[in-house]
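Examining the three-dimensional arrangement
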Amino acid sequence: MSELRDLLADAAARVADYRESVADVPVFPDDTSGVREKLGDLPETPVPPADVIRRLADAVEPALVGSTGPRYFGFVTGGALDAATAADMLATGWDQPAFNKVTSPAAAIVEEVAGEWLKDVLGLPSGASFGFVTGGQGANTVGLAAARHHVLAQAGWDVERRGLHGAPPLRVVANVERHATIDRSLRLLGLGTDAVRPVRADDQGAIDIADLEKALDGPAIVCLQAGNVNTGAFDDFAAATEIAHRHGAWVHVDGAFGLWAAAAPALRRLTAGLETADSWAVDGHKWLNVPYDSGYAFCAHPESHIAAMSLTAAYLTGQGDGGVRAPSDFVPESSRRARGFATWAALSELGRTGIAEMIERCCALARRFAGKLDACDGVTVVNDVVLNQVLVDFGDDTERVVEAVQRSGECWMGATTWRGRRLMRISVSNWSTTEADVDRAVEAIKAARETTKRKN
Ligand SMILES: *Cc1c(COP(=O)(O)O)cnc(C)c1O
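Summary of the structure given here. (Residues numbered from 1 in each chain as written. Predicted model: local features only at pLDDT ≥ 70, side-chain atom pairs only at ≥ 80, totals over all residues. Heavy atoms only, no water.)

This part is about the site of the ligand. Within the structure, the ligand sits among 14 residues, and Gln137, Asp254, Asp283, His285 and Lys286 are positioned closest to it. In the model, a nitrogen atom of the ligand is placed 2.7 Å from a nitrogen or oxygen of the Asp254 side chain. A distance of 2.8 Å separates an oxygen atom of the ligand from a polar side-chain atom of Lys286. Class assignment of the residues belonging to the shell around the ligand gives a composition of three nonpolar, eight polar and three charged. (Near = heavy atom within 4 Å. Polar contact = N/O pair within 3.5 Å; in protein donor to acceptor, adjacent residues only side chain to side chain. Nonpolar A, V, L, I, M, F, W, Y, C, P; charged D, E, K, R; others polar.)

Now for a nonpolar patch on the surface. A cluster of nonpolar side chains, contributed by Leu39, Val47, Val52, Ile53 and Leu56, occupies part of the molecular surface with about 360 Å² of accessible area. Ranked by residues supplied to the nonpolar patch, first place goes to helix α3 (residues 49–60) with three residues. Looking at the secondary structure, you find Val52 in helix α3. (Patch = residues over 30% accessible without salt bridge, like charges linked within 9 Å, V, L, I, M, F, W, Y side chains within 5 Å. Areas by Shrake-Rupley, 256 points an atom, 1.4 Å probe, with all protein chains shown as cover. Salt bridge = Lys/Arg side-chain N within 4 Å of Asp/Glu carboxyl O. Helix = DSSP H or I, 4+ residues; strand = E, 2+ residues; numbered from the N terminus.)

Next up on the list: the sheet that holds strand β9 (residues 389–393). A sheet is described by the order of its strands in space; here four strands give the open sequence β8-β9-β11-β10, paired in antiparallel fashion. Two strands bound the open sheet, and with one partner strand each, they are β8 (380–381) and β10 (414–418). In this structure, β9 lies alongside strand β11 (residues 421–427), joined through four bridges in antiparallel fashion. Directly across from Val390, in β11, lies its bridge partner Ile426. Of the strands in this sheet, β8, β9 and β11 touch helix α12 (residues 340–374), which is tilted by about 15 degrees from β9. (Pairing = 2+ DSSP bridges. Contact = heavy atoms within 4.5 Å. Axes fitted to C-alpha atoms, helices over the stretch in contact; angles between N-to-C directions.)

Moving on: helix α10 (residues 237–246). Buried within α10 are the following residues: Phe237, Ala240, Thr241, Ile243 and Ala244. Seen along its axis, α10 keeps its buried residues to an arc of 165 degrees; they face one direction. Buried-residue contacts for α10 involve α9 (209–215), β4 (220–225) and β5 (250–254). Where α10 starts, the residue carrying a side-chain oxygen 3.4 Å from the main-chain nitrogen of Ala238 turns out to be Asp236. One or two positions beyond α10, positive phi appears at Gly248, with a value near 75 degrees. (Buried < 20%, exposed > 50% of the residue type's maximum accessible area, 1.4 Å probe, protein only. Arc of directions from axis to C-beta.)

Okay, here's the thing in structure tokens:
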């Protein structure tokens, strides 16, 4: 075998070894202190590739977090499906700049196909435009940029040409419990966080429809949520969109993980009316279990999407010659990774029924968590477990229980603050998690509680 073949085969074998062992080793590394030293100093002269890779993998493997494994329940973190992982390795090896059909017809065509499939699976309008971005943050930024263009154009202002100096005021109406990335997108877009008119949330964290109506007056973007990051709650899209559109506002939906409920027949009712919104943000790397980095921005008004994003000018159509869409006209980057390959592979690997089954299974496992924990004395599940998110209250011990669970290496979940309470937040978003994994995690939580009690 050539040296290149050995190098790549060794790297692939290390990936396979890692993934095959990830369920059996501590979920969080216990000692990451040696990493810097093992990485060494900048070499003065070239190093053979095989030595570079050995040094890198030996140095960092002890510090890897098993977030791609079945007992990582922190944040909202997906694993990576097998075909999607392999496709992402191919994307790296092929090294295609997914700029347009000239730099890579392969990347442009695969993105076009995968984007159409995503709209189909998520029940979004077939005419919607889409961009493959880095994640939910990128997708929110693109959706809000299209919104900014559209609403200001209606008010007679060309924001791409004139900027925001002297522009009509643009209000952003959003749930007080919106995700923090919305605020960063508003900062990046020059709208600023003072533009936000916060709307009350109901007892589960969904937007209060009556309060929403009161906040609307003049040009506005309404930000809705499919999946509150703490509770998993869904806004009432049908009602909220009807009100927003009556006031001439644009409706953007942050559906980073929750939008996937639309792909599962048993959960689809949560997203009723979703298709009436104007833009949508969703992650690939969370619940679709595509490797990081992968997110999608969709827009019901392709011309506004392109006006906000295209590289050269607002009058571009986003169609390269030959009718192949130019990926870079829908995202903020010009040269970029060919993100379509991994998404196409994930969608192909699961198929329509496999996606639905994975989403429904994660929700069933979240309910299993909730049932088992709520049955323990002194432990309360505080949210309605409508999706894959579970918030657990251990009274005054919550912080210590979370820390003890994390130290156990058995599983990993984080703490969050919701409505002024410190809570354990469990998110089930990984394709490979089983009932046995949940049961093992529950035992680890119970053991952590015992340890905590003994120390008190
Ligand atoms: C995770 C998340 C985001 C941000 O997504 P990234 O992929 O981390 O950029 C935005 N909104 C919600 C509701 C999320 O859960």
